Amino acid sequence: MSESVKEFNDYRSKMNDKILGDNNKIIKRIFNLDTNAFAEGALDVKTKELLGLVASTVLRCDDCVKYHLETSYKIGLKKEEVVEALGIATLVGGTIVIPHLRRAYEFWDALDEDSKTQ
């Protein structure tokens with residue numbers, strides 16, 4: 001696994017465990033709501049992940065972008081589909097999202113590299 005992907009997942013997992021370990025009802029409900037919002041429904045999971053990716057990019061949340069990129073990769077979205085969604089995000093968000101777009105490309109490449117070495 002590439003260092004950037006491993007580092008992101010290790011940190012995310014460690015901190016989620018710490019946050020959820022405090023047993024705060026509100027935070028646990030928000031985490032649960034987030035999980036359930038991306039489950040299959042009237043919209044399929046792939047569409048929901050692309051929506052999450054676009055929203056995360058426009059909101060300039062790099063951790064969120066990485067999460068949705070990795071999930072998109074794991075559920076079989078093609079790079080062309082992800083890039084098209086990132087194009088919409090850049091259009092909506094404007095040039096201020098370009099640094100996030102760069103990091104998104106870099107992370108997708110790391111995910112792709114990982115899959116080729118496994």
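Note that the structure is predicted; figures quoted are calculated from it, not measured. (Residues numbered from 1 in each chain as written. Predicted model: local features only at pLDDT ≥ 70, side-chain atom pairs only at ≥ 80, totals over all residues. Heavy atoms only, no water.)

Digging into helix α1 (residues 3-21)
- With 19 residues, α1 should reach 27 Å at 1.5 Å per residue; the first-to-last C-alpha distance of 26 Å fits that figure.
- Among the residues trailing α1, Asn23 stands out with phi positive, at a value near 60°. (Helix = DSSP H or I, 4+ residues; strand = E, 2+ residues; numbered from the N terminus. Expected span 1.5 Å × (residues − 1).)

Thoughts on the side chain of His100
- Residue placement: His100 occurs in helix α6 (residues 98-117).
- On the basis of relative accessible area, His100 is assigned to the buried category, the value being 11%.
- A polar side-chain atom of His100 sits 3.2 Å from a polar atom in the side chain of Arg103.
- Once residues lying within four places of it in the same chain are set aside, the contact partners of His100 are Arg60 and Asp62. (Buried < 20%, exposed > 50% of the residue type's maximum accessible area, 1.4 Å probe, protein only. Polar contact = N/O pair within 3.5 Å; in protein donor to acceptor, adjacent residues only side chain to side chain. Contact = heavy atoms within 4.5 Å.)

What about the packing of aromatic side chains?
- Per the stated rule, a full pass over the model turns up two aromatic pairs.
- For the ring pair Phe8 and Phe107, a centre distance of 5.8 Å and an interplane angle of 80° mean the geometry is edge-to-face. Of this pair, Phe8 sits in helix α1 while Phe107 sits in helix α6, and the two are 99 residues apart along the sequence.
- We classify Phe107 as buried; its relative accessible area is 2%. (Phe/Tyr/Trp six-rings, centres within 6.5 Å; stacked < 30°, edge-to-face > 60°.)

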